[in-house]
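The residues making up each chain are set out below.
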Amino acid sequence: MRPTPSQTVGPFFRFGLEWLESGQPRIAENSGIITIHGRVLDGEGQAVPDALVELYQEGSPSDSGSSFYRRLVDEDGRFEVDTLMPISVDADQAPHLDVNVFARGLMQRLVTRVYFEGQDANRVDPILNLVHESRRQSLVAKRTDRGFEFDIRLQGDRETVFFAW
Amino acid sequence: MKVQYEVVETDVQGHSSAKRFYQVDPEYNSEDYRSSRLRSPKQSLVVIPDRLVSRTGPVFGNNMVSRDERDLTLGHGGDPLGERINVSGRLLDSAGRPIANQLVEIWQANASGRYIHALDQHPAPLDPNFTGAGRTVTGLDGSYSFVTIKPGAYPWRNHQNAWRPAHIHFSVFGNRFVERLVTQMYFPGDPLMDKDPIFQSIRDERARLRLISKFDWDTTEPEWALGYRFDIVLGGHLGTPVEEE
């Protein structure tokens, strides 16, 4: 069957989608919690104040499941998620989360991934290695005093790498 | 996005013949949709091979939403203004199999074409008895249903005399994260679809038709509400050619 095509999320989704903006770490422990924070920016480097960011973290087979986080960015395009450092579900792949970005002006969602600075497995990750070295850093969150910083640049000189399949 | 879908076309005898590739989703950059100018990527997307695409997706379960949340006409002091409608359908994968226990969220303007969102400046009245957001979880057969009112068309500033056709926004999840879809449902016979750059951003005509609900007598209730059917087919099902209907 022909799949149903995508349409933009539009400007006025807050009252429909904000309710699911929860998602504390599933595991009740304080150690190992990391904060991923960042901004969504447009082609002129300006904040996108009406973006929707979703992050998905696959669980391991022995784990009870996966984690899903929805965030509606603030007026400066900022979002923030507390989670546990992902484990490598697939032996080949470095720890990462899948990311969806929706916004007015985006006909369909953008799909990217967040990897983490300092992980040895980044060097051999098969998806990072699909990306030209000059653009690979856009997928790797930088260590900060608060956690890991992951800016999403929709367009421009340092445009984030987005994926298709 | 899935780059392209492979369609197996059938000849008049019903034999599978030519395979054709096509793209259902709109391009990111659209000349006619002003907001896409600074927000659409200019670099090529990096294509992930099937074997590396995430196999799972979020699971929400049945107790995520209460039963009342599928009826957008409830929860206020009185009945909303407008034409009461039942919107129902099934959530399917591209092989036609039901996607059970998954979250379906909708949001929409009221009968006069006004969203409750603070930034909506359209000089049409808000309805104190209508918010316009609902959610439900699909049944074992992939079915869902909502009760709401028919949304009005509304103007926007994309171009001279620009009007959005009446539509309901849908957000759905599939079995895998790659199947995630946000889209819009339209109503049959709406003349505004012809000039709407958002609807027209989909080049494939048969894919566009997927977004238009069908009026349905079976879910039309006497003395109560009109029925519209809207089935949603999720792509991202890897390695399986799409059968032409």
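Please refer to the structure higher up on the page.
Nothing here was measured: the structure is a model prediction, and the numbers come from that model.

(A) Local environment of the overall build of chain A. On a plain count of helices and strands, chain A comes out with two helices and ten strands. Reading chain A from its N terminus to its C terminus gives the helix and strand order α-β-β-β-β-β-β-α-β-β-β-β. Taking 2.2 N^0.38 as the reference for a compact globule, 165 residues should give roughly 15 Å; the C-alpha atoms of chain A span a radius of gyration of 16 Å, in line with that estimate. Oriented by its inertia axes, the alpha-carbon framework of chain A measures out at about 45 × 40 × 35 Å.

(B) Geometry of the overall build of chain B. Within chain B, the regular secondary structure consists of one helix and 15 strands. Burial statistics for chain B: of 245 residues in total, 54% are counted as buried. A sequence separation of at least 24 residues applies to 66% of the contacts in chain B between residues at least 6 apart. Taken as a whole, chain B presents about 11700 Å² of accessible surface, with 50% of it coming from carbon and sulfur.

(C) Quick look at the environment of Leu154 of chain A. In this structure, Leu154 of chain A sits in the loop between strand E9 (152-153) and strand E10 (163-164). On the basis of relative accessibility, which here comes to 0%, the residue Leu154 of chain A falls in the buried class. Sequence spacing of Leu154 of chain A and Gly38 of chain A is 116 residues, and the spatial spacing of their C-alpha atoms is 13 Å. Ignoring anything within four residues of it in the chain, the contact list for Leu154 of chain A reads Val40, Leu41, Val48, Val101, Leu110, Glu159 and Phe162 of chain A together with Arg39, Ser40 and Pro41 of chain B.

(D) Expanded view of the side chain of Gln155 of chain A. Inspection of the secondary structure puts Gln155 of chain A in the loop between E9 and E10. Assessed through its relative accessible area of 9%, Gln155 of chain A is described here as buried. For Gln155 of chain A, the side chain forms a polar contact with the main-chain oxygen of Arg37 of chain B, separated by 2.8 Å. Residues contacting Gln155 of chain A, with those up to four places away along its chain left out, are Asp42 and Gly43 of chain A together with Arg37, Leu38, Arg39, Ser40 and Lys42 of chain B.

(E) Highlighting the pairing of strand E6 (residues 133-137) of chain B. All names here are of chain B. Within E6, four of the five residues are buried, which leaves it mostly tucked inside the rest of the structure. In this structure, strand E5 (residues 103-108) lies alongside E6, joined through five bridges in antiparallel fashion. Bridge assignment links Ile106 to a residue of E6, and that residue is Gly134.

(F) Expanded view of the nonpolar core. With 26 residues, the main nonpolar core has Val40, Val53, Leu55, Val114, Phe116, Ile152 and Leu154 of chain A as its most contacted residues. Per element, the largest residue contribution to this core is four residues, and it comes from strand E5 (residues 96-103) of chain A. Look past the residues within four positions of Phe116 of chain A in its chain and what remains in contact with it is Ile34, Ile36, Met85, Pro86, Pro95, His96, Leu97, Asn122, Val140, Ala141 and Phe148 of chain A. Core analysis: the second largest hydrophobic core is formed by 22 residues, Leu72, Tyr144, Ala166 and Phe230 of chain B among them.

(G) Quick look at the sheet that holds strand E10 (residues 167-172) of chain B. Residue and element names in this part refer to chain B. Taking strand neighbours across the sheet as the criterion, the four strands line up as E6-E5-E10-E11 in an open arrangement whose pairing is antiparallel. If you trace the sheet from one side to the other, it starts and ends with E6 and strand E11 (181-186), each paired once. This sheet shows a mean twist of 20° between the axes of neighbouring strands, independent of strand direction. Here E10 pairs with E11 via six bridges, running antiparallel. If you follow Val172 over to E11, its bridge partner there is Leu181.

(H) Layout of the interface of chain A and chain B. Across the contact, 58 residues belong to chain A and 87 residues belong to chain B. Contact with chain B buries area across many residues of chain A, yet Met1, Arg2 and Trp165 of chain A alone supply 17% of it, more than any other trio. For the interface between chain A and chain B, the tally reads four salt bridges. Among the ionic pairs, Glu105 of chain B bridges to Arg70 of chain A, the shortest N-O distance being 2.8 Å. Where chain A touches chain B, the interface holds 35 residue pairs in polar contact (both at pLDDT 80 or more). Of all the secondary-structure elements, those providing two or more residues to the side of chain A that touches chain B are helix H1 (14-17), strand E2 (51-57), strand E3 (67-72), E5, strand E6 (110-116) and E10 of chain A. For the side of chain A that touches chain B, the leading source of residues is E5 of chain A, giving five residues. Across the side of chain A that touches chain B, the residue classes break down as 32 nonpolar, twelve polar and 14 charged.

(I) View of the packing of aromatic side chains. Residues and elements named next belong to chain B. Tallied over the entire structure, the rule returns 17 aromatic pairs over all chains. Seen from their ring centres, Tyr115 and Tyr154 are 5.3 Å apart, and the 80° between their planes marks the pair as edge-to-face. Here Tyr115 is found in the loop between E5 and E6, whereas its partner Tyr154 is found in strand E8 (residues 154-156), with 39 residues between them in sequence. Residue classification places Tyr154 among the buried positions, given a relative accessible area of 8%. Judged by centre distance (5.8 Å) and plane angle (75°), the ring pair of Phe215 and Tyr228 falls under edge-to-face. With Phe215 in strand E12 (residues 214-215) and Tyr228 in strand E13 (residues 226-229), this residue pair connects regions lying 13 residues apart in the sequence.

Calculation rules
Residues numbered from 1 in each chain as written. Chains lettered and ligands numbered in written order. Predicted model: local features only at pLDDT ≥ 70, side-chain atom pairs only at ≥ 80, totals over all residues. Heavy atoms only, no water. Helix = DSSP H or I, 4+ residues; strand = E, 2+ residues; numbered from the N terminus. Rg over C-alpha atoms; globule rule 2.2 N^0.38 Å. Buried < 20%, exposed > 50% of the residue type's maximum accessible area, 1.4 Å probe, protein only. Contact = heavy atoms within 4.5 Å. Areas by Shrake-Rupley, 256 points an atom, 1.4 Å probe, with all protein chains shown as cover. Polar contact = N/O pair within 3.5 Å; in protein donor to acceptor, adjacent residues only side chain to side chain. Pairing = 2+ DSSP bridges. Core = buried A, V, L, I, M, F, W, Y, C linked by side-chain atoms within 4.5 Å. Axes fitted to C-alpha atoms, helices over the stretch in contact; angles between N-to-C directions. Buried area = accessible area lost by both parts, 1.4 Å probe. Salt bridge = Lys/Arg side-chain N within 4 Å of Asp/Glu carboxyl O. Nonpolar A, V, L, I, M, F, W, Y, C, P; charged D, E, K, R; others polar. Phe/Tyr/Trp six-rings, centres within 6.5 Å; stacked < 30°, edge-to-face > 60°.

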